Structure formats: structure tokens, C-alpha cells
Amino acid sequence: MAEAHPVGFQWVMEAKRRGARVIHVDPRFTRTSAVADTYVPIRAGSDIAFLGGVINYILSNDLDFREYVLAYTNASTIVSEDFRDTEDLDGLFSGFDPEKRTYDPSSWHYDGHEGEGDRQDTHMQRETASALQHESHGPGVPSDPDRDETLQHPRCVYQILKRHYARYTPEVVERICGVPREKFADVARAWAENSGRERTTSLVYSVGWTQHSVGVQYIRAGAIIQLLLGNAGRPGGGVMALRGHASIQGSTDIPTLFNLLPGYLPMPHHEQHATYADWVDSISHPEQKGFWHDAGAFCASLLKAYWGEAATPDNDFCYGYLPRLTGDHGTYQQVFNMIDGKIKGYFLLGQNPAVGSAHGKAQRLGMANLDWLVVRDLFMIESATFWKNSPEVETGEIVPEECRTEVFFLPAASHVEKEGTFTQTQRLLQWREKALDPPGDARSELWFFYHLGRIIREKLAGSTLRRDRPILDLAWDYPTHGEHAEPSAETVLKEINGYEVGSGSPLSTFGELKDDGSTVGGCWIYTGVYADGVNQAARRAPREEQDVAAHQWGWAWPADRRILYNRASADPQGRPWSERKKYVWWDADSGEWVGHDVPDFEKTKPPSYRPEPGTPGVEGIAGDDAFIMQGDGKGWLFVPAGLIDGPLPTHYEPVESPVTNPLYKQQANPTRKVYERPDNPLNPSAPDPHAEVFPYVFAVSRLTEHHTAGGMSRTLGHLAELQPAMFVEVSPDLAAERGLTHLGWAHVVTARAAIEARVLVTDRLTPLRIDGRVLHQIWLPYHWGSEGLTTGDSANDLFGITLDPNVLIQESKVGTCDIRPGRRPTGKALLEYVEGYRRRAGITEERRAPIVTTDEG
Amino acid sequence: MGVRTWIEGWPVYRQLTGTDPLGRGAAAQSPRSKGLTARTETADSMARSVCPYCAVGCGQRVYVSDGQVTQIEGDPDSPISRGRLCPKGSASKSLVTSPLRQTKVRYRRPYSTEWEDLDLDTAMDMIADRVIAARAASWEDADDEGRPLNRTLGISSLGGATLDNEENYLIKKLFTAMGAIQIENQARI
Ligand code: SF4
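Model, not experiment: these values are computed from the prediction.

1. Brief notes about the sheet that holds strand E1 (residues 45-50) of chain B
All names here are of chain B.
Then, number 1: Spatially, the three strands line up as an open sheet ordered E1-E2-E3, and their pairing is antiparallel. For this open sheet the edge positions go to E1 and strand E3 (68-74), each flanked by a neighbour on one side alone. Geometrically, the sheet is characterised by an average inter-axis angle of 25° between neighbouring strands, direction not taken into account.
Then, number 2: The pairing of strand E2 (residues 59-65) with E3 spans six bridges and is antiparallel. In the strand pairing of E3, Val64 is matched with Val69.

Here you go:
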């Protein structure tokens, strides 16, 4: 955190000054470790074993916050008798289909409800990364499942959890993670001791956690601990995702993602969502309780925002205009489709996949096989110059005179040359004022897309083709201003917020959205950002003039809540758990929830409120159902629906690992998304033969002084001077083992690539004892490429492409490799060199890495 | 210059008699630095902005004089950052004023070895033509069973996460209306 989110880290230091203990778990000793009270080196890719160990410690010593757990989690809920655990099936859960490598999750459901919930097949869910929809709400489950409040029922979630993690002992943690058992026990004890009524512990992760083939389950494991210890929805607690880009949270909320529409509404799938009613019902689950019940209003208002007057109740608000998914259309599938010549044109908008995405060679070869490419950026980045300056030009795989791609480079406006909102890592929207006009031909994306749309509409005007109707009917009349006819960002923000069609007056909460076409709402979770016609994201009352939650600074979704599920900061009766941790509570005199934040609960619903059984919608939420966006009102220790790879996090090895999974014969995530192609070779992984050709584990991450693919940092003098060269960090022991010298050259090899770097020999990397033998990890920054003031080989070239099945994010935080002294070969010799490794590792065009490695299931 | 002014001009005199006994501030100040004013004080305008790098969202104050950004400082009012910026945030003035920044449209013809210049309006027109053509050539009306598809798989897009919400909103809206579904973002990566 001190490295990649330095200014955010001041609050950790502030907490430390007030007595908090800071524990840092990381494969590499960083600036965070330097000021932490405890630093724990860990093997990259083993986090679930570590976190599972903590869960086991809590449960086997009865250290959970029992009152919280009983009231606010699904610990007492009874699960189907058909459920079988990975502990029974050697690494698989019940319902596994070895053919499709997906689960039929009906046996994970709550008891007696096996046939309910999402009926769509999980293969389709994996292809469309449908779990992403749950960023704002849980999937459909029955609202009143059977419970055993004594937690003794053998099939209640609590007991299932206890059995599942029983083997995750300190000894097993030591064996898998390389963390000495005493050190592990110290961390587990500290975490539990610092949680409860009087104290809370915060879990902070950076989104490197998502870049694993089990990324979603990493985060689930952290969430289980926080729920067991009562650290969710309370001040000083939570699971804090440190996102890495200015508005990456915003890019998910108002997604430019293939499978989502704004506010986590699903892009329609051709089978599942053939009609408008199918689409709405698949979101709202008519029988379900909670706010999600009103999905019809969110859907209709979005379509009204898109197609304006043309969208009417009679034509299902132009639902028929929406394009349909048929499967995986994600960025990695696209890259392979480019290589196969299926894609004609590609827009890159402030993004540099030639350096920033996994498997750089595939990225660049894909771009070299397009009809046209539009790059919009501040600087000349590698993704714009791949045809003249790239590793493939060096090896002859791309020959400029033979490369057909037509490239348009359009300069972009910088963040100070346009106005608009960024959503930072805590869901807070902040408006940026424009300081000046962009130089020369530089323009904002708002300008580019508004005018591109305008020109296309002009060119298609008069077309009678059915396929052109959605473009011609589009509500696209944004006012413009200034010399360049810049569209008004504030008008767009008002559309995102939503307004009444008749009066044009902006809405204040998403509760005001209607399903009859009388409201427009471009992104329901952002409704309120323009409440009262005021740009709430532009509020900037000085911090000294505000209380702790700083509500007069920016605006957080939903409804300006700064801590989600803050109803849980009070006990079931609505009283603060303790004076120290008081945040939101029930005030019986005024008959409403009050406190330091906007209550994440209906303001006047008393804690004692109990609905009639089976009541759907908001009325179905009881006065102590703190997790209001979940179908059963509970925080989920066990996930009965909505995940592809299992209801509980389980330790699987990374896809490429030198370690045989000590827990199960199932080596790695059996449901992971794979692309089995000769141009995507994978290193053999233990226990397969030849795994030893790539004996080391490597991890990549960021430097303080650079930013992601380097387009905004390797181009700047100060930053390029502060970190002037690509390097690889190794321990003194590994340096001795491989003959590497400090500041000398080395090269790192995988089945995809060999890249070179300067060697940094430091004891910031600790050799670990894993399963009785020493394992070395090496570390690389991933910022470098062939353009800019400082150039170097790209670490992401080392990775192949394998994805987490829930969200289709690639495993690019851990892999296996070899490292050798000296520079890598160049030109054709480089290709032969990497081919030599593939040969020795037994990698052929026909080879398929084994995926299901157990006979159970 | 009178004798008094002359003596007061000695740093050591100021150090012994003034408020700066350690001689690190006012006492050691030269007439030149005394005559200086901060760029931030004389700026024509100041815009309140947000750092474009990581997601902490530190507040920035952007100072402009004569149509140029002259300084970017941390915003002391921000409850998130309290006026601080890290090395990247502090370098953001160079980001926006860098001589390496591209300000002209560049065009590379198929099979060419060099960039050429291109007028922005012409570029926009050419891109619009290409989008329309790619869409027409790869349009899919319906699946095998006649269920609607309404889409093209001929167009892709990948955006960075320094795009504004408003920009992402228009990007998704336009592409969706065009039937282009392969729209992705750093958020997937
Ligand atoms: S100044 Fe640094 S910590 Fe703050 S937002 Fe910018 S990059 Fe992040």
C-alpha cells in the first residue's frame, strides 16, 4: 500500500500512531513492510491457505463474534443434504461435470430449495463472467431458509465451514505458504483479538488479488474472516480493495465491459434474455426480498436514457435494440480472435495492452492483424508503434512492409483539460474542474465519442435498414460549448443520475426510478449524484469543517453512504455495539436511524420489524437484516449461488506452480477459463513431468514511481530518472545458485518469452521452505516497454492466458520461470532459444495441460 | 543605500536580531528570493481537480497562467489526501506539459513504414466510414433459432481506467446502439 497507494497509506500510519498494529503479508519486503509492526513473507499464490488457516483458528477456538455472526450472517442456515465438500471429493465440490468443467450448483443451495435460484447453466455464466453482476447485490436465493440458531446442525453453514477448514492448521499453512507456524499463529491471534464489540480490524488488499485463477475466492476468504469477526459494516473494519487506477471503480459501475450495462445490469444473452420480461425477471427474482426487487425500474429507466422518446412501454422500451451475447466476448477472447483475423477494427482509449495485458506477444500479433486500429492517448505508446518498434519486429514476426493494420493515432486531452467525475477506490465520485483547453488536436473521449456518434448518425440518416434504427433513434442531443464543440459533461452526469421525463427535474434516490417510462436513469446506483440539480460530486467543503465521514466532500454511491451495510455497526436491537465503535444506530425517540453516515437501511424501519414470511421486495427485509442487497438479508459465509468455482474458498495451486497441492489431488482451479491454443503454451506444473524446467516462482507488481504500462510515467523526466531501468529482484541465495551478479544482466524465461533485466540482489526476497524444500521467488515490475524515456522488456510478456472463471480476469500475479545470467539472445535466435525451453519442457502444439486431476466428482 | 539598511542586509545581523535564530528562513533570504512570488499566487486561474494516477483520488489544484499549466499542487482541503501527493501525483504537471505529448493526429497507412500527418476532421470522417463498413460486413441479425442478436463482432474496444464516468457512459451507449459488444476496460485486467 505504501508503494502503490502512498497517500492513502498516511491513514494506516495515522492509525499506527494511535496504537494500531500493522501487519503486512507480501511475497516481497516493500516500503509497507518497512514501517509495519510485523512483516510476513508468503509464497505467491498461496493466500487462501493462509486465510483458511485464520478461519480455522477462529472456528476451532470459538473466537467468532457470535452475536454478530448469528444475527447478520448465514452461519445458521441449513444447506442441502446433497452438498459434498472438497474434503470429501479430493478437491471438488458436489455437482461437478468433468466434461464442461463446471458445477451444477443445486446441491450448494439452502436445504429444501435445491431446485430454485438461477436456473441458467454455469457454463454460460462462466463465459459471460456473470458473477460480476454481484458487485452491487447478491444473486437470487430464497428469503426465509431454515436455520439452526444453536449452530449445532451438522449441515448448518457454521459446521460446514468448520469441517472445510479443519485441515488448514498452522502446520499446513507453514507447508503451503512457507510461513513459520509461530509467525502465522501470531497474526491469527492478533486479528481475532483485535475484533469484537470494542475493536475492529481492517483488511486491505490491492487488486493484484484479483489477478489469479482463484481471484474471487481470495477475496471471499478475506470476507469470511471479516464476517466471522464482526468486521463488516463497522468503522475501522471492512474489506478494502485498493484499486489501481483513478476511475477503475467507475469503469465497473458505468462499465465499458462486455457483459455489463450501467449499474451491474447484465448485457442480454441471446438464450437467457430473449425477451424484456426474461431480462428483468432474471435480475429482480420476483420472489426475492430486498431493493433489487425493483430492477424493472432500473431497466426501463436505462433504456429510456438510451433511446429517449422512441422507448415506450408498448415496445418494451426498445429492448429489442440491445445487442446480445452468445458467450465469452472478453478482451482475451478478442485478442485470439484478432490473431485469427475475425476482428476488423479496434479502439484503444488510454490503454496500452502491448505492455499492460498478459501475454504481450499475443496482444501485439493481434493488433498486427487488424484492418484498422484507433489509438487515443497522451503519448506515443507501444500499442501504437507495434508495427515499427516491438519485440516482434526485432524477431521478424512483424514486418512493417507486410503488416496490414491501418493505424490512427489521435491525441487525447489530459485530466486537467476536461471536466467530469472519477470514482475512486471507496466508491467516491469527485468532479474535476477543467483548467484549460487541450492543445492542438487533443480532445476528450467525451468529444471523440459524441462527435463520432454524430457523424455516423449523419451518414446513416435516411437509412431504412433495421439494424440502423438503434443508432438513429438514440438519444444523442447533448449541448456543446466552446471552440471545439465540447459536449457538456454535466448534462451527461444529469442523465446518469436520472430525471423525470415530464418535468426534467433530477431524481434524488434510486427509489424514485419508475418502470413505466416516466423516468430516465443512466446508472441507477449513481442516482443522487445530481440530487436537487446540484452536482454533488463537486462538493469540496474543507476537511477541517467536517466530521469523520466528510459528507460534504464528493458523493459516494449508493445514496452517499460512506460505509456499506452500516446497519451492522449496531446490534440487532439497533444499539451501537460499543461506545467506541458507534456509527449508525436506531433512535427510538425520533423513530429513525441516525449517526455519522447515511444509514444503509430504510430510515424509519425499526429493528423490531418482522415481515410476514415470504414477503418479497423491500418490505421483506426484517429490521435486523443488515445485508439488504442479499436475497436473504445475510452476509454470506457460504455462497449458495452465483459463483462458478464453489461455495467456499479452497486452496488450489496457481496454474503454473512448482508445488504439488498438498491438500487435494485436484491441483488447480478445475473450473478456470482456458484457451488451449498453440500460441498460448503453458509451463508444465507440478506434479507433471518437466515442471522442473521452470523451477522458480515469479511475481510482478508496481513501483511507486511508475504507473501500470508506463504510458503516463516512463514518458516523464522525473519519474524516469527516479526508476530508470527495468530490473529483476532476487535473493542472495538465488543469485548464488544461478550465478547472478548485482546490477549485472539476467534473463527470465517462460514458455512464452525470454525477457532481460538488470539484477537487483536484495534480502527483500526471502527464500521459503515449502513442503520440506527451499523455494525461490523472484520479483519484477511490469512497467517497461519499448517507448518512452526509459525502455526495457515487458514483464507481462512472460505470462500465458488463463482466467478466473467468475470474472474472466487473468492470472498475472504468479507464474513459474527460469532465470539465467546474461542478456537474452536477440532476433531469430530469441525464438529458437524459447523454443528450446518448450522442447525441454515437453510442450508441443498438441499438448494440453491437465485440468481435472482427481478422479472424484 | 543607508548604513542601517546595509547592516540589516547582513544575514548574521538578521539572524541574531530577528525571529530566525537558526538562520534557515528569513535571516538567510537573499533580496532575490525575497522578491519572488509563488506561481500559485499570481496564477490567472486555479481549477480543483483529482490526480489521474491511482485510485486513492488525491485532490489537486491546477494553476494556469497565460494559457499554460504552471503548477499542480496537492489540495489541502481534501479529507482524502490533506494536501499530499506522491511522486506520481507530484509529477502530473510534467504529464500535462511534457514536450513528448502528442498534439497532432498521426496516421499509418497499411504496409507503411512511417507515420504521416492527417487532419483531425478527415481522421474522424475516415474512422466513421470504417466503423460503418466493419459493422455492415460483420452484422448478425439473429441466431440459428431466430432469436435476435443485433450485433457486430467486427469491432473491439479496450479503455483505460483514467476515463471519466461521463466518457464511459457515452462510450457504452454509442457502442451498444451500434451493436458492438466487445467493449472492454482495464477493469477486466
Ligand atoms: S498522488 Fe499518488 S497516491 Fe494520490 S492519487 Fe495520485 S498516484 Fe495515488
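This is not the end of the story, as more comes after the structure.
2. Quick look at a negative patch on the surface
All names here are of chain A.
Then, number 1: Taken together, Asp294, Asp515, Asp516 and Glu619 make up a surface patch of like negative charges.
Then, number 2: The topology assignment puts Asp294 in the loop between helix H11 (276-284) and helix H12 (295-307).
Then, number 3: Of the residues examined, Asp294 reaches a relative accessible area of 34% and is grouped as partly exposed.

3. Brief notes about the packing of helix H18 (residues 445-460) of chain A against helix H8 (residues 165-178) of chain B
Then, number 1: At a minimum axis separation of 8 Å, H18(A) and H8(B) run at an interaxial angle of 25°. By the angle between their axes, H18(A) is roughly parallel relative to H8(B). The handedness of the crossing between H18(A) and H8(B) comes out as left-handed. Residues Glu445(A), Leu446(A), Phe449(A), Tyr450(A), Leu452(A), Gly453(A) and Ile456(A) of H18(A) lie in contact with H8(B), whose contacting residues are Glu166(B), Glu167(B), Leu170(B), Ile171(B), Leu174(B), Phe175(B) and Met178(B).
Then, number 2: Residue composition of the contact of H18(A) with H8(B), by class: 10 nonpolar, one polar and three charged.

4. Examining the interface of chain B and chain A
Then, number 1: Each partner contributes to the interface: chain B provides 116 residues, whereas chain A provides 163 residues.
Then, number 2: Roughly 12300 Å² of surface becomes buried between chain B and chain A when both sides are summed, with 63% attributable to carbon and sulfur atoms.
Then, number 3: Considering only the side of chain B, the residues that lose the most area to chain A are Tyr169(B), Arg188(B) and Ile189(B), jointly responsible for 7% of the buried surface there.
Then, number 4: Summed over the shared surface of chain B and chain A, the number is 11 salt bridges.
Then, number 5: Note that Asp129(B) is salt-bridged to Lys459(A), the shortest N-O span being 3.0 Å.
Then, number 6: Linking chain B with chain A are 76 residue pairs in polar contact (both at pLDDT 80 or more).
Then, number 7: The dominant element in the side of chain B that touches chain A, judged by the number of residues it contributes, is helix H7 (residues 120-137) of chain B, at 15 residues.
Then, number 8: Of the residues in the side of chain B that touches chain A, the class split is 60 nonpolar, 29 polar and 27 charged.
Then, number 9: The sheet contact formed by strand E11 (residues 406-411) of chain A and strand E4 (residues 106-108) of chain B spans three bridges and is antiparallel. Opposite Phe409(A), over in E4(B), you have Arg106(B) as the bridge partner.

5. Description of the domain arrangement of chain B
Then, number 1: As assigned here, chain B comprises domain 1 (3-35), domain 2 (45-97) and domain 3 (105-188).
Then, number 2: For domain 1 of chain B versus domain 3 of chain B, the distance between C-alpha centres works out to 65 Å.

6. Structural notes on the domain arrangement of chain A
All names here are of chain A.
Then, number 1: Split by domain assignment, chain A resolves into domain 1 (42-128 + 142-244 + 562-653) and domain 2 (673-840).
Then, number 2: With centres defined by C-alpha atoms, the gap from domain 1 to domain 2 works out at 35 Å.
Then, number 3: Across the boundary between the two partners, domain 1 contributes 24 residues, which contact 24 residues of domain 2.
Then, number 4: At the boundary of domain 1 with domain 2, total buried surface from both sides reaches about 2000 Å², with 52% on carbon and sulfur atoms.
Then, number 5: By the criterion of area lost to domain 2, the three top residues of domain 1 are Arg175, Gln211 and Ser213, representing 26% of everything that side buries.
Then, number 6: On the surface where domain 1 and domain 2 come into contact, there are two salt bridges.
Then, number 7: Note that Lys673 is salt-bridged to Glu127, the shortest N-O span being 2.8 Å.

7. Overview of empty space enclosed by the protein
Summary: where empty space remains is shown by rolling a probe the size of a single water molecule over the atoms.
Residues and elements named next belong to chain A.
Then, number 1: Scanning the model with the defined rule gives seven cavities of 30 Å³ or more in all.
Then, number 2: Estimates place the volume of the second largest cavity at around 120 Å³.
Then, number 3: Along its surface, the second largest cavity is lined by 16 residues, and Val655, Gln667, Arg672, Ser685 and Pro850 are the ones closest to its centre.
Then, number 4: Split into classes, the residues belonging to the lining of the second largest cavity amount to eight nonpolar, five polar and three charged.

8. A look at the packing of helix H3 (residues 47-60) of chain A against helix H8 (residues 181-193) of chain A
All names here are of chain A.
Then, number 1: Two numbers describe how H3 lies on H8: the axes approach to 10 Å, and their chain directions differ by 60°. Here H3 lies oblique to H8, going by the angle between them. As H3 runs across H8, the sense of the crossing is right-handed. Residue-level contacts link Phe50, Leu51, Gly53, Val54 and Tyr57 of H3 to Phe184, Val187, Ala188, Arg189, Trp191 and Ala192 of H8.
Then, number 2: Per-class residue counts for the contact of H3 with H8 are nine nonpolar, one polar and one charged.

9. Comments concerning the pairing of strand E13 (residues 428-432) of chain A
All names here are of chain A.
Then, number 1: The element E13 is extensively covered by neighbouring structure, given that five of its five residues are classed as buried.
Then, number 2: Burial along E13 is two-sided: Leu428, Gln430 and Arg432 facing one way and Leu429 and Trp431 facing the other are all buried.
Then, number 3: Between the end of strand E12 (residues 420-423) and the start of E13, which pair antiparallel, lie four residues, with Arg427 showing a positive phi angle near 70°.
Then, number 4: Relative to strand E18 (residues 555-556), E13 runs antiparallel, the two sharing two bridges. When the sheet's bridge partners are listed, Leu429 is paired in E18 with Trp555.

What counts and how
Residues numbered from 1 in each chain as written. Chains lettered and ligands numbered in written order. Predicted model: local features only at pLDDT ≥ 70, side-chain atom pairs only at ≥ 80, totals over all residues. Heavy atoms only, no water. Pairing = 2+ DSSP bridges. Helix = DSSP H or I, 4+ residues; strand = E, 2+ residues; numbered from the N terminus. Axes fitted to C-alpha atoms, helices over the stretch in contact; angles between N-to-C directions. Patch = residues over 30% accessible without salt bridge, like charges linked within 9 Å, V, L, I, M, F, W, Y side chains within 5 Å. Areas by Shrake-Rupley, 256 points an atom, 1.4 Å probe, with all protein chains shown as cover. Salt bridge = Lys/Arg side-chain N within 4 Å of Asp/Glu carboxyl O. Lys, Arg positive; Asp, Glu negative; His and termini not counted. Charge placed at Lys NZ, Arg CZ, Asp CG, Glu CD. Buried < 20%, exposed > 50% of the residue type's maximum accessible area, 1.4 Å probe, protein only. Parallel < 35°, antiparallel > 145°, perpendicular 65-115°, else oblique. Left-handed = near helix turned anticlockwise from the far one by under 90°. Contact = heavy atoms within 4.5 Å. Nonpolar A, V, L, I, M, F, W, Y, C, P; charged D, E, K, R; others polar. Buried area = accessible area lost by both parts, 1.4 Å probe. Polar contact = N/O pair within 3.5 Å; in protein donor to acceptor, adjacent residues only side chain to side chain. Domains from an automatic or database assignment. 1 Å grid on protein atoms, 1.4 Å probe; cavity = no way out; pocket = protein on both sides within 12 Å on 5 of 7 lines; lining within 4 Å. Points joined across faces, edges and corners; volume = space filled by probe spheres on them.

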